[in-house]
Amino acid sequence: MRQLSFVALFGVTLWGMATTAWSQTSLTGSSLAYKAVGSSNTLSQTGTVGTYLVVPTGGATISFDVNATGTASPGHMNVVVANSQFGFNVNSTSATAYDTPNVTLPAGTYFVNVQRDYNNNTNQTFTVNSLSVNTVSGSTATFANDSWLSNFNAASADAMNAANTYISNYRKGSLNVSVLGAATGSQIEIKEVNSAFKWGTAVPDTLSSYLKLNSNSNPTSLQTNYSTLLRKDFNSVTPENAGKWQGSDGIGALAVDTLLAFAAQSPNGMRVRQHNLIWGSQQPSDITADFTTGRARSTVAATATSWMNTINTRITAHINNYVGGNDSITGVARAKEYDEMDVYNESYNTGANANVATGQNYWKVMSGLAAYDGTGTAGTGNGAKFAADVYNRVQTAVTNAGATTKLFTNDYNVVDNNSDNYGQTYSQHVESVRKVGGAVSGIGTEYYNSPGVGSGSSQVNPARAYATWQNLSAQGLPLETTEFGETVGAASDEATSLTTAMTLAFGTPQMKGFTLWGFYGYSGLYAGAAGSVLYDSNFNITAAGTAYEALHDSYTTDVHATVNADGTITLPANLPDKAFYYGDYAAIINGKSYTFTYDGSNNSYALTLTPVLGDFNLDGHLTAADIAAAESALADLTTFRSTNRLTDDTYFDSIADVNGDGEVNNADLQSMIGRLIAGLGGSSSVPEPSSLALLGLGGFALGSLKRRRRQRGAN
């Protein structure tokens, strides 16, 4: 029995089953290099098994065959490669083949991910017996089944190759641009001004000392230097501590608002990740005292419940302030200005996996409320219900504010430094909150390490990191590297591990952002990020900074082109075929900037330049040079319009009908000269007013030139 269903992601629709003979490569499920759930090919939890696929030069059209055995209740399986996802119900207790439609892949390396997905918490167990790839046409695709546990170098190369393949083919695309209102041969710059991917950094607590607001007419050198580099290298910012629940009600609402104002002001246009709402490691001292001295863990249920209800009330007040409350600078609800928020920070390592006797115990202590476990006995309830309730209260505040803030989890020792090779424990922790209705909308992973690339638990391990993020993607939520940092080490190692991590993150399909935990080496920077700073305390660039900027720039599009006679543009000959990274762009032509967003959903963009009255030479300005151009145009308006593609009457009149009388004739030439005499033209070379006056008198001799007349009200 063969079963097939199809799910298309990112606008990719791939149909059709092969009817030709296949070149086939197969692996048993037990031999697959990456198995996240207990090193087994039986997916008893949301998770993955997978391996790498190599498509040789020339690319190939391929399909996959997964042989799986289910249970009486169906499990749901996804087969994922790059941006293509194929879904199946695995509902046979006998070994059954599930065949995907064909998918055409460019040459390169890919991670093939067979998932038991979250699927609204209705999924069941199934076993992956084998995975086969079938080459329908093109070069024969084969598996590279290298495990980092047995062959670190080969597995690392697979991961880096897969990341770079994804970046080259799926983070950017071919873009066709046409221009209306520019003369043939005009030069145009098409510059990415804001990547669709979030390249972020954390900023210090004393924000006003570092950030230059537009309202500040006398900035310090620190503010100028810091803000200039911040804008240059990043499009997303995170406060290190501002907004956390510490002190009487958080660290500095004004500091948060200062960051929000800086991010929003022109030309910054930055996104803001708020970090974080509650966290056992930074909270009001009296709550820590209640937790550690036992008042909130009293064996007297009524006493414990009273204290915990008080804490819950204070959490709600904190939510209403930092999420639903208004920005003191803009007056707008803060939620509308947050792109994302870490809600319950490190809820696994400082909650579910923390000692209940410490102050890091919201998960365990607050679960004792009767509202969460039905007993009122402290410490015995469901911490996931408490966490879910916090997420839902935040979501309510976000919704009430009319905002779209995404609510993230965030934790450490997920990608490395643990015995769980692929983040499965963290995945199940996140799922536990989702299962009881928690409004989690993103998964964040911290990534702190010692400099270097290697198989050691504290260094960047490409294959392990890449497989971990692939495994977390089975939850079906956006992923982010929410904090990256490394301790001080050899400069070359600092640079290498930073750029390796950047490449792996940017090359992971569901990854949406990468945040460096501080780019400037100020004295209060977290020591775990001191080795990954881009600039030292004197703003001298580091080896890591040089490497970061080179790689970041290579992921940014900025091209100069020429406008052709048909309005299309000619790109430089050495520009790669897929030249344009997804993001917000500025097209700069004739000294003016026109913005658009390129996300791959539409690969053609028609740019219409703002018309300038009297600009007959179409250089974006009214100058004396337009006089000769106007004379030529008036001699043959039909040719002028055709040559310059000015077929729309309204657009044509906005350039040529200078006196606004509904006709285009030499009277408009006289009006144009009058405007120049009056100083209403551009700043380029303009004759003296007396010379223009003579031209105006001579212009009456053009009365016999061909005229264009349009009827008022006519189309």
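All values reported here derive from a predicted model rather than from experimental measurement.

This part takes up the nonpolar core. Counting residues in hydrophobic clusters, the biggest one holds 156 residues, and the most contacted among them are Y34, V179, I188, L230, Y362, W469 and F519. For this core, the element with the highest residue contribution is helix 10 (residues 383–400), accounting for 9 residues. Apart from residues no more than four positions distant in its own chain, I188 is found in contact with V179, V559, H560, A561, V563, I569, A587, I588, I589 and L607. Core analysis: the next-biggest nonpolar cluster, separate from the first, contains 33 residues, L53, F64, L105 and V112 among them.

Once that is clear, we can look at the sheet that holds strand 15 (residues 187–195). Spatial ordering of the open sheet is given by 25-24-15-27-28, a layout of 5 strands whose pairing is antiparallel. Edge strands, defined here as strands with exactly one partner in the open sheet, are strand 25 (569–570) and strand 28 (592–598).

Another aspect to go through is the sheet that holds strand 18 (residues 271–278). Overall, parallel pairing links the 8 strands, which are arranged 16-17-18-19-20-21-22-23 in a closed barrel. With direction set aside, neighbouring strand axes in the sheet form an average angle of 25°. Relative to strand 18, strand 17 (residues 236–239) runs parallel, the two being bridged by 2 bridges. The residue bridging S236 from the neighbouring strand is R271, located in strand 18.

Attention shifts here to the packing of aromatic side chains. A full pass over the atoms with the stated rule returns 37 aromatic pairs. Note on F506 and Y581: the rings are 6.1 Å apart at their centroids and 35° apart in plane angle, and the pair reads as tilted. In this pair, F506 is assigned in helix 13 (residues 491–506) and Y581 in strand 26 (residues 580–581), connecting sequence segments 75 residues apart. The two residues F506 and Y581 agree in class, both being buried. Across from the ring centre of F652, 4.4 Å away, lies the NZ or CZ of R641, which sits over that ring.

Across the 11 residues of helix 12 (residues 462–472), 11 count as buried, placing the element largely inside the fold. Residues of helix 12 that are buried include every one of P462, A463, R464, A465, Y466, A467, T468, W469, Q470, N471 and L472, and no others.

We now examine the environment of T288. Considering the arrangement of structural elements, one finds T288 in helix 5 (residues 285–293). Exposure remark for T288: the relative accessible area of 26% places this residue in the partly exposed category. On a C-alpha basis, the gap between T288 and N361 in space is 9.1 Å, while along the polypeptide they are 73 residues apart. Residues within four places of T288 in sequence aside, it is in contact with Q283 and G359.

Inspection of every chain in the model, using the stated rule, returns 3 cavities of 30 Å³ or more. Within this model, the largest cavity holds a volume of roughly 190 Å³. For the lining of the largest cavity, the secondary structure elements donating two or more residues are strand 6 (75–81), strand 10 (108–116), helix 1 (152–170) and helix 12. Among the elements that make up the lining of the largest cavity, the one with the highest residue count is strand 10 (4 residues). Residue composition of the lining of the largest cavity, by class: 12 nonpolar, 9 polar and no charged. Of the pockets and cavities examined, the second largest cavity occupies roughly 50 Å³. Residue classes in the lining of the second largest cavity are distributed as 6 nonpolar, 4 polar and 1 charged.

Here is what the cut-offs are and how they apply
Residues numbered from 1 in each chain as written. Predicted model: local features only at pLDDT ≥ 70, side-chain atom pairs only at ≥ 80, totals over all residues. Heavy atoms only, no water. Core = buried A, V, L, I, M, F, W, Y, C linked by side-chain atoms within 4.5 Å. Buried < 20%, exposed > 50% of the residue type's maximum accessible area, 1.4 Å probe, protein only. Helix = DSSP H or I, 4+ residues; strand = E, 2+ residues; numbered from the N terminus. Contact = heavy atoms within 4.5 Å. Pairing = 2+ DSSP bridges. Axes fitted to C-alpha atoms, helices over the stretch in contact; angles between N-to-C directions. Phe/Tyr/Trp six-rings, centres within 6.5 Å; stacked < 30°, edge-to-face > 60°. Lys NZ or Arg CZ within 6 Å of the ring centre and 35° of its normal. 1 Å grid on protein atoms, 1.4 Å probe; cavity = no way out; pocket = protein on both sides within 12 Å on 5 of 7 lines; lining within 4 Å. Points joined across faces, edges and corners; volume = space filled by probe spheres on them. Nonpolar A, V, L, I, M, F, W, Y, C, P; charged D, E, K, R; others polar.

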